[in-house]
Every structure is written in C-alpha cells, then in structure tokens.
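# What the coordinates show
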Amino acid sequence: MRPKTNRCSVRELAFAALAGLVLVAGCSKPPTLVGEGDRLQILHMGNKSDPQELDPHIVQGVTEHNILQALIENLVTEDPTDLHPVPGQAERWDISPDGTVYTFHLRAGIRWSNGDPVTAHDFVRSYRRALTPSLGCEYAYMYFVMKGAEDYYKGKTQDFSSVGAQALDERTLRITLNGPVPYFLSLLNHYSWWPVHLPTIARYGDPYQRNNRWTRPGNFVGNGPFVLARWVVGHVIVVKKNPLYWNAASVKLNEIHFHPIESNDTEERSFRSGQLHVTEEVPQSKISVYRRDSPQLLRIDPYLGAYFYRINTTRPQFRDKRVRQALALAIDRKSIVENVTRGGQLPAYYFTPPDTVGYTSRSAIRYDPEGARRLLAQAGYPGGKGFPPFDILYNTSESHKSVAEAIQQMWKRELGIDARLLNQEWKVYLDTEKRKDYDVSRAGWIGDYADPSTFLETFLADSGNNRTGWANAEYDRLLKEASRLGDQQTRYELFQKAEAIFLDEMPVIPIYHYTRVYLLRPEVRGWNATILDHHPYPYVWLAPRPEASLATASAAAQRP
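Our subject in this report is the structure included herewith. This structure is a prediction, so every number in the text was calculated from the model and none was measured. Numbering of residues begins from 1 in every chain and follows the order in which that chain's sequence is written. Local features are withheld for residues below a pLDDT of 70 in this predicted model, meaning they are given only at 70 or higher, and side-chain atom pairs are given and counted only at 80 or more; totals for whole chains, interfaces and linings count all residues. To get the side-chain values, all heavy atoms of the structure are used, and hydrogens and water are removed first.

## Notes on the overall build of the protein
Helical segments are the DSSP runs of H or I of at least four residues, strand segments are the runs of E of at least two, and each set is numbered from the N terminus. If you tally the helices and strands in the protein, you get 18 helices and 18 strands. Whereas a compact globule of 560 residues would reach a radius of gyration of roughly 24 Å, the protein reaches 25 Å, a difference of no more than 12%. Seen through its principal axes, the protein has C-alpha atoms that stretch 80 × 65 × 40 Å. Think of it in three bands: residues with accessible area under 20% of the maximum for their type are buried, residues over 50% are exposed, and the middle band is partly exposed, with areas taken using a 1.4 Å probe on protein chains only. A burial count over the protein gives 58% of its 560 residues as buried. Considering only intrachain contacts with a sequence separation of at least 6, the fraction spanning at least 24 residues in the protein is 70%. Shrake-Rupley sampling with a 1.4 Å probe provides the accessible areas, and residues are treated as covered by the protein chains on show and by no other component. Total accessible area on the protein is roughly 22500 Å²; 52% of this is exposed by carbon and sulfur atoms. For the purpose of charge, His is not counted, nor are the chain termini; Lys and Arg are scored as positive and Asp and Glu as negative. Charge positions come from single atoms, namely NZ of Lys, CZ of Arg, CG of Asp or CD of Glu. Side-chain charges in the protein split into 66 positive and 63 negative, and the spacing between the mean points of these groups amounts to 4 Å. Atoms counted for the radius of gyration: C-alpha only. Globule rule: 2.2 Å times the number of residues to the power 0.38. Throughout, a residue-residue contact means that at least one pair of heavy atoms, one from each residue, lies within 4.5 Å.

Below is the structure:
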C-alpha cells in the first residue's frame, strides 16, 4: 500500500470534503474497495510482494505466478476444481501409443492482445528462448524431458531443429519427448513453458537477455484472459479483461488488483477494513481468533509444498555433512507447527510432501538433540566450540521471522552455536540466494505439478533452483533415469533411492509441509481449494454482499 504522508494533495482534500458531505447527508460510510469491487467485478488480492519480473521465462515464485496466469495462457490450462489439464490455446491434442509424441491442435482465430494471430511457431520460438543459456531461465531443466532440449541448452548442438518441438503448420504443434512422461500435460501449466510474443520482446531489447522492458504496462503483449493495465511498484498491479481472449464472453471479472503487502498484520487489517477480498497469509496470532469468531472467513486448505532451509555447502563450516545433519536433528518440528505456525502444517521429516500422488519417502530424519551433539562433536565442534557465527537469511515476513527465531534458539540451546537473523526484501533475497551469498536461507517449494519429481529435480546439479552448491552424480542419475520411464512403481523406487541420498547429504533442512492459510470473503465465487493453490481466473467472479457484513467481520476479528 502507499506510505502515509503528512501532506494532502488537492485531490485528497477534495475527496475528504466530498466524503464529509456524504457523511453529513447520509450518515453512511464511504464505499470500500471490496464493496466497489463487488459491484464492478474487480477482485482485490493480497500478493505479498512486488514481483521479481513478469517474464514467464525468468520469474521463479508464487507471487509472479498469481499475476502471470491472468496474462498468459498455454496450450492447456487447468480445471478450476481439481486442476486436471483442459484445453487452453489448443482445442485438442493427440498422444502417440508409446506416450512420447504430443500433437496439439490450436484453436482457430486465437490472438495476442495486440491482435496478432497466435501460431504454433510462437510456441517453438518461445521454447528456444527459454533454452538459450544467456537468458538464464531458472527452470530450463524442466524442458529436458523434451528430445534434444538438454543438448541444446548445454551447447552440445547449435541446431534447434534437433529439439523435439516442431510447428507442422500455423495451427499444429508437435512435441517429442525422450520417453513417456505421465505428468507432461500438467507440466505445461508451469509458466516456464508458456508462450511469449517474440516480436514485442525484440522491440524493447535483446529477446535472449534479461532487463528487457517488454513487461511494462503499455508494452506487455499476452494471450491470456486479462491484459496488464497498471504497475505501480509498492502499491498495485492492475490487470483488465482482455476483449481479444478466445473465451472472453465467459470471463466475469473485469479487473484484478494485486496488492503487494509484505506485512501480514497490515494485510489482515486491509482485509478487515474491506480493502481486500483475499489475503496471501494470516498473522499467526490471528488464526485462533478467526477460528473462534469468523470461521467462515478463514481458509486452511491442503497445499503441496515444503518449507525448508537451504544450506550453502560452499561455506567452510557447512562442507561436512555431519554439521548439516546436526543442524537438522536439533530442530523440534512438532513444536514449530504447534506453537509458531499454528495453521495445521505437518512436521517435515523428509523433503517431498507425504502421499504425493501415492509417494511417501521411506527415509526420514528425526528430532534427536543428543545425536545432533554427537555429530557436531565428530565434525570438530564439541559443544559448539569454535563454530563460527552465521546468518539465517529470510525474505521479509513476520511468519518467517518467527520460525527463524525459534530455530535460532533451538540451535543455541541444543548445539551451543550462534545464528543471526538477516531479512531482505523479496527481489534482493532472490538475488542473494542465486549468488550463493548466504549461509543458511529460508526457502519454500510449492509443487509445479502433482508428481514427486517436481520436488526432487529441484536439486539436480544443473537446476537453476538448487542454489546450495551441492551436487551428487548418483542422485542426478537416478532422477534422470526416472524421467524417461512411464511405469509408476519403477519411477517411485528410483525416487526412494534419490531421496535417501538427499536426506543423508542434507543440503537442505526440511521444516514443515505447508497448508494454505488465508482469508477469503464469501462473495468470492468459483474459488476452490486446490492442492497447488491455483485458481484459474476465468472461473472466478464476485457475488455482491451488503457492506454491513464487512463491519460484522471486522468487529469479530478485533476481539482479543
């Protein structure tokens, strides 16, 4: 939200005078953003922070996904109830009997927001861009299921025609995979696979380099249900309904306003005062209050994700895996989820969330302070003596700070080591992690699709999202073998072996498995609990409710 100032503009004074007249005349409160939004079909969302960017081949977070899914649509999109793949820009597709060739048939008449036709060539060009190393796509490894993609990305060939992406004609796209990939259609719903309009990008700079201004309002060209209308850093991003979207007649929302509010307390107050329809989080201290007084506003949904700490294994004190294991064993995860987060989260004793499409790791860590002390002593630091102080990095958030403080105290109490807290704004934090200029760093990973590979492949040696300095050849071999197989049982056994290596090496420390804890107004319709917390906007709308209901909720939430 905009910071307060001590000076009033002419516009603000005029508005205040008008508001005074309204109050005198009618003794009623001025309309809230929510009230006006309900009337005009404008959804107001809390979105935690300003996005890193709005380029789908560069970004790497939930904040960015929330906005991009309004602006760009891929070949397939998601059903609003269970997220199974449904036709998007492609009206249908064919799959070869061996599961390795997908042929997509694009809809007739689909257009970019500037009026240009969307063609199969746009998708091929987009894939080539994402696989060009100079762009630095963090998710390039997700393309490696496609024939020839890994060789092209690693410079083993300069001929993109050897990659399994071909435009057979303007409306027919063929993608050839290395082997059967059971989750491939769901993988396409990750933004790294989404198309971009290359002529627009080229107009504002090199399409294969970062820092291109094509993503700014007035420049952005997409093919989704909304277009980018306004981006005021630190205040709001506004998207408006796209009249050229192929299914525009079914889109009920006229606008979505994404409000970057890093403070959970500020966000909750904004919700309570009628400025937001939905929040990103809930202050930990308010969860019990809403449970008691306004349960209809509190949502605690299943969420396929892991909250963990990355360890920079290039730091001298963290090169010994016994040190990393000691840090992990000294954390009381049950205490954290019961006394700190308090939102139904599950203690994480392995990395991949339990029962991820039938997969649960057989290997696990535990809470064992005595074992942790033995390991630290074996590594040369008995009682923590001689262990250098280090920083716990986290992006600005009261909840991240609370978890970090709890772990800081556990490490001091159980191991005798000192950790300092270091918070950074989202974009700075991402850059710090990418440069590996940290000691230990708070992190979260939400599944990009429903399959164990979305978690384990994050820490492949060539993954742009690894950022720990850790690599293991056998771990990589097991996962790459699994990526070429279609049989679930065989794949899952390979995942079990890989996760056992991962938990023994401990380049990250699992803390808890997420639930999605947030506030949602009942007038928001078509918003379903989904395991990835995706809510396709063409299916969302607002059913106006009396302003009095907002006041009732506000009063209830203020009770101690």
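Past the structure itself, the notes keep going.
## A few points about the pairing of strand β13 (residues 390-395)
Where burial is concerned, most of β13 is hidden: 5 out of the 6 residues are buried. Where the polypeptide runs from β13 across helix α13 (residues 398-415) and back to strand β14 (residues 419-424), its parallel neighbour, the crossover connection is right-handed. By the bridge criterion, 2 bridges tie β13 to strand β15 (residues 440-446) in an arrangement that is parallel. In the strand pairing of β15, Ile392 is matched with Val440. Orient the strands so they point away from the viewer; a crossover is then right-handed if the path from the first strand over the helix to the second runs clockwise. Note on pairing: two strands pair once DSSP finds at least 2 bridges between them.

## With respect to the side chain of Thr157
With respect to the secondary-structure elements, Thr157 resides in the loop between α5 (149-153) and β6 (165-169). Engagement of the side chain of Thr157 in a polar contact is seen with the backbone nitrogen of Asp159, the distance being 3.1 Å. Aside from chain neighbours lying at most four places away, what touches Thr157 is Asp151, Tyr152 and Ser162. Think of a polar contact as two N or O atoms within 3.5 Å of one another; within protein, one of them needs to be a possible hydrogen donor and the other a possible acceptor, and neighboring residues in sequence only count if both atoms come from side chains.

## Considerations on the pattern of salt bridges
Between Lys or Arg on one side and Asp or Glu on the other, a salt bridge is scored when a side-chain nitrogen of the former is within 4 Å of a carboxyl oxygen of the latter. Inspection of every chain in the model, using the stated rule, returns 40 salt bridges. A salt bridge links Arg420 to Asp391; the shortest N-O distance between them is 2.8 Å. Of this pair, Arg420 sits in strand β14 while Asp391 is found in strand β13, placing the two residues 29 residues apart along the sequence. Close ionic contact of Lys412 with Asp418 constitutes a salt bridge, the shortest N to O distance being 2.8 Å.

## With respect to helix α12 (residues 369-378)
Pro369, Gly371, Ala372, Leu375 and Leu376 are the residues of α12 that are buried. Each buried residue of α12 sits inside an arc of 155° when the element is viewed along its axis, so together they form one side. Those residues of α12 that are buried are in contact with α10 (321-329) and α13. Phi turns positive one or two residues past the end of α12, at Gly380, with a value near 105°. By construction, the arc corresponds to the directions joining the helix axis to the C-beta atoms.

## Concerning the nonpolar core
Only buried residues count toward a nonpolar core, which is a set of Ala, Val, Leu, Ile, Met, Phe, Trp, Tyr and Cys residues joined through side-chain atoms within 4.5 Å. Counting residues in each nonpolar core, the largest one holds 106 residues, and the members touching the most others are Phe104, Tyr127, Phe184 and Trp193. The biggest single contributor to this core is helix α17 (residues 488-505), with 6 residues. Once residues lying within four places of it in the same chain are set aside, the contact partners of Phe104 are Leu75, Val76, Ala90, Arg92, Trp93, Arg171, Thr172, Leu173, Ile175, Phe184, Leu185 and Leu188. Residues Ala328, Ala330, Phe390 and Trp411 belong to the second largest nonpolar core, which totals 41 residues.

## Structural notes on empty space enclosed by the protein
Lining residues are those with an atom within 4 Å of a point, where the points come from a 1 Å grid over the protein atoms alone and group into cavities, where a 1.4 Å probe fits but cannot get out, or pockets, open sets with protein on both sides within 12 Å along at least five of seven lines. Grid points are joined across faces, edges and corners, and a volume is the space filled by probe spheres set on the points. For the structure on display, the rule yields 4 cavities of 30 Å³ or more. Lining the largest cavity we find 49 residues, and of these Val62, Tyr303, Arg442, Ile446 and Tyr514 sit closest to its centre. Its residues assigned to classes, the lining of the largest cavity comprises 19 nonpolar, 20 polar and 10 charged. Its boundaries defined by the atoms lining it, the second largest cavity holds a volume of some 140 Å³. Throughout this entry, Asp, Glu, Lys and Arg are counted as charged residues, while Ala, Val, Leu, Ile, Met, Phe, Trp, Tyr, Cys and Pro are counted as nonpolar. The remaining residues, Gly among them, count as polar. Of the residues in the lining of the second largest cavity, the class split is 4 nonpolar, 2 polar and 4 charged.

## A short note on the sheet that holds strand β1 (residues 42-46)
Taken in spatial order, the 4 strands line up as β1-β10-β9-β8 in an open sheet, and their pairing is mixed. Of all the strands in the sheet, the pair left with one neighbour each is β1 and β8 (226-232). Between one strand axis and the next, the sheet turns by 20° as a mean value, whatever way the strands run. Sheet analysis places β8 next to strand β9 (residues 236-241), joined by 6 bridges and oriented antiparallel. From the neighbouring strand, Leu228 faces β9, where its bridge partner is Val239. To get an axis, a line is fitted to the C-alpha atoms, and for a helix only the part in contact is used. The angle between two axes follows their N-to-C directions and goes from 0 to 180 degrees.

## Description of the layout of surface pockets
Counted as a void, the second largest pocket has a volume near 270 Å³. Contributing to the lining of the second largest pocket are 20 residues, with Glu73, Thr77, Glu78, Pro536 and Pro538 lying nearest its centre. Looking at the lining of the second largest pocket, the elements with two or more residues in it are α3 (62-71) and β2 (76-78).

## Re the environment of Lys286
Among the structural elements, Lys286 can be located in the loop between α8 (264-272) and α9 (287-293). Polar side-chain contacts of Lys286 include one of 3.1 Å to the side chain of Glu268.

## Here we look at the side chain of Asp451
You can see Asp451 is positioned in the loop between β15 and α15 (453-456). Of the polar contacts made by the side chain of Asp451, one reaches the side chain of Ser453; its length is 2.7 Å. For Asp451, the contacting residues outside a window of four places in its chain are Tyr183, Thr356, Val357, Arg491 and Phe495.

## Things to note about the packing of helix α11 (residues 333-341) against α13
Running from N to C, α11 and α13 cross one another at 135°; their axes reach a closest spacing of 10 Å. Our classification of the angle between α11 and α13 gives oblique. Classified by chirality, the crossing of α13 by α11 is right-handed. Taking contact as the criterion, the partners of Ser335, Ile336, Val340 and Thr341 in α11 are, on α13, Ser402, Val403, Ala406, Ile407 and Met410. Broken down by class, the residue content of the contact of α11 with α13 amounts to 6 nonpolar, 3 polar and no charged. For classification, angles of less than 35 degrees are called roughly parallel, those exceeding 145 degrees roughly antiparallel, those between 65 and 115 degrees roughly perpendicular, and all remaining angles oblique. Left-handed is the label given to a crossing in which the near helix is rotated counterclockwise from the far helix by less than a right angle, and right-handed is the label when the rotation is clockwise.

Geometry only, nothing functional implied.
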